[in-house]
Amino acid sequence: MNDLSSLLAALEDAQRGQQDVVIATVVKVEGSAYRRPGARMIIAPMGEATGTVSGGCLESDVSKKAWWLTASGKPALRTYSTGEDDDELEDAELSFGLGCNGTVHILFERVLFEDHPEEKGMPRAASLVVDVLREVKASGTGAALATVIGTQSERHTALGERVAIRSAGQVQIEMRERWLATAVAEDLKTVLDARRSATRTYEGADGAVEVLLEYIAPPRRLVIFGAGHDAMPLVSMARLQGWHITVIDARSHFARAQRFPDADQVLSAPLQPMPELHAMVADAAVVVMTHSLSQDRHWLGQVLQSTPRYIGQLGPRSRTERLLDELPEQTRQAAACANLHYPVGLDLGGDAPDSVALSILAEANAVFNGRDGGMLKHRQASIHAVDVTLDRTLEQTRELRMIS
C-alpha cells in the first residue's frame, strides 16, 4: 500500500469512528532530508500514526506534539534540524544532531470528524486537502494544491490557506487575498502540467507570502500482458508500492483472479482490438510478457498505438526486433515507440522470476521519476535535485503577470 492509499485508509477509519485527527505535512526542506515536500502523517488522538515525514527520526516527536500544537484549531508550523550541532539553525525548534545537515518544516493541521457543538468557530483547516486526496485516488487523475507556509501578515493571509486545482479541473479558492489567489492559481496550472512540486514567494503590499505548490500524483498504474508464473512476483512487488495493477491474457486458464490476488483486475481477452485499451494504458507502465509470439505481437502492436509512459517487452533483443518487423510500418513509427524498453529491466543480474520482476519494476520506477537507474554513488547532482526547468517556467509566468 502506498502513501496515498494508507493515508486515506486512516482518514476513512477516523471518519467512521467520528474521531478527529491531525495531518502533519512536510512543506519545505532545506539541505538533506529523507522525505520531500508533500510527505504526510495522520496522527490519531492517542498518538497512533500512519505515514512518515522522515526516515524514522522525526516521527516520534511529531506524534507527541501534534495535538497540543493544534489545540487552538489553527494550523501550526514546526521546524526540525537534522544538523550536527544543536545551535546550527537559530530558528529551529528542535535539533536532532543527526549530522544529515537538513532542515524540515512541518505543517500541523487539525481535521474534525467529530461533532464539536461547543467549538463551532474552530476552522476545518485541512478539509480541502482531504477532499483533494480522496478525489485523486478515486479518479486516478492528478491534482495541484497550494498551501501558505509562511506569511508576514496574518491579518491578510494566514498559514494553511489554500488554492486547489482539483482532479476534474475546477479551481477552488480558500484564500482571502484575491491577487494572491489569482497568481497562485496560475502557477498551479504550471505545476500540474509539469507534474512537479515547487515553492514560491509572492510579494505583496503587506509583505512576503511563501507558498508550497504541490503536485499530488495518483497511484501509478501497471498493465501486464501475460498471466504466466513470472508475472506473479511482478504483481506482488507492484502491490507493495501501491500501484494499480491489471493483468491481461488471452488464455483463460491463466487469466484467473485466484492466481493474482494482489491485482486489481484480471482479464481474459481474445486477440482482437479492445476499445477500452487506450484508456487503460494511457500514462501507465505496460509490460508485455506472455511468452507467446502471437500474443506478444498482438498486444505490443495495440499498446504502441496508445500513450503509455513506459513499455517493457520481455525477451531477447532479437525476438523483440522480429516482433517489431512484423508490425505495420505505421505502428513502428508511432510516438509510443520512444517509450519501448527491450530487453526489459535494469541490469541487476539474476534470472529467477523475482529477480526479473525486481529489474522490471526498478526500470519502470526510474522512468516515472525521470532517472536512468544508475548507482547513486556515481551521481554528481543532489539525490533530490531541484527542478530548474519548473522554476524557470514559474519565473517567466511571474514576469508575464507583471508586464500585463
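### Here we look at the packing of aromatic side chains
Tallied over the full model, the rule gives two aromatic pairs. Ring geometry for Phe-225 against Trp-299: centres 4.9 Å apart, planes inclined by 25 degrees, an arrangement best described as stacked. With Phe-225 in strand β12 (residues 221-225) and Trp-299 in helix α7 (residues 293-303), this residue pair connects regions lying 74 residues apart in the sequence. Using a relative accessible area of 0% as the deciding quantity, one classes Trp-299 as buried. Ring centres of Trp-243 and Phe-368 lie 5.5 Å apart, and the angle between their planes is 65 degrees; this geometry places the pair in the edge-to-face category. Of this pair, Trp-243 sits in the loop between α5 (231-240) and β13 (244-249) while Phe-368 sits in helix α10 (residues 353-368), and the two are 125 residues apart along the sequence.

### Observations concerning the sheet that holds strand β11 (residues 207-216)
Read across the open sheet, the five strands follow the order β9-β8-β7-β11-β10; overall the sheet is antiparallel. Each edge of the open sheet is held by one strand with a lone partner, namely β9 (171-174) and β10 (198-204). Geometrically, the sheet is characterised by an average inter-axis angle of 20 degrees between neighbouring strands, direction not taken into account. Note: strand β8 (residues 162-165) against β9, four bridges, orientation antiparallel. Residue pairing in the sheet places Ile-165 in a bridge with Val-171 of β9. Against the sheet, helix α3 (residues 127-139) engages β7 (143-151), β8, β9 and β11, with an angle of about 155 degrees to β7.

Calculation notes
- Residue indices begin from 1 for each chain and proceed along its sequence in written order.
- Local features in this predicted model are restricted to residues of pLDDT 70 or higher, and side-chain atom pairs are both shown and tallied only at a pLDDT of 80 or more, whereas totals for entire chains, interfaces and linings draw on every residue.
- In computing side-chain properties, one takes all heavy atoms of the structure into account and sets aside hydrogens as well as water.
- Within 6.5 Å between ring centres, the rings of Phe, Tyr and Trp (the latter by its six-membered ring) count as paired, and their orientation is classed by plane angle as stacked under 30 degrees, edge-to-face over 60, tilted in between.
- The numbering of helices and of strands both runs from the N terminus, where a helix is a DSSP run of H or I of at least 4 residues and a strand a run of E of at least 2.
- A 1.4 Å probe rolled over the protein chains alone gives each residue an accessible area, and that area as a share of the maximum for its type sets the label: buried under 20%, exposed over 50%, partly exposed in between.
- In this description, strands pair whenever DSSP reports at least two bridges between them.
- In this analysis, axes come from line fits to C-alpha atoms, helices being fitted only over the stretch in contact, and the angle between any two N-to-C directions falls in the range 0 to 180 degrees.
- Residues are treated as being in contact if the distance between any of their heavy atoms lies within 4.5 Å.

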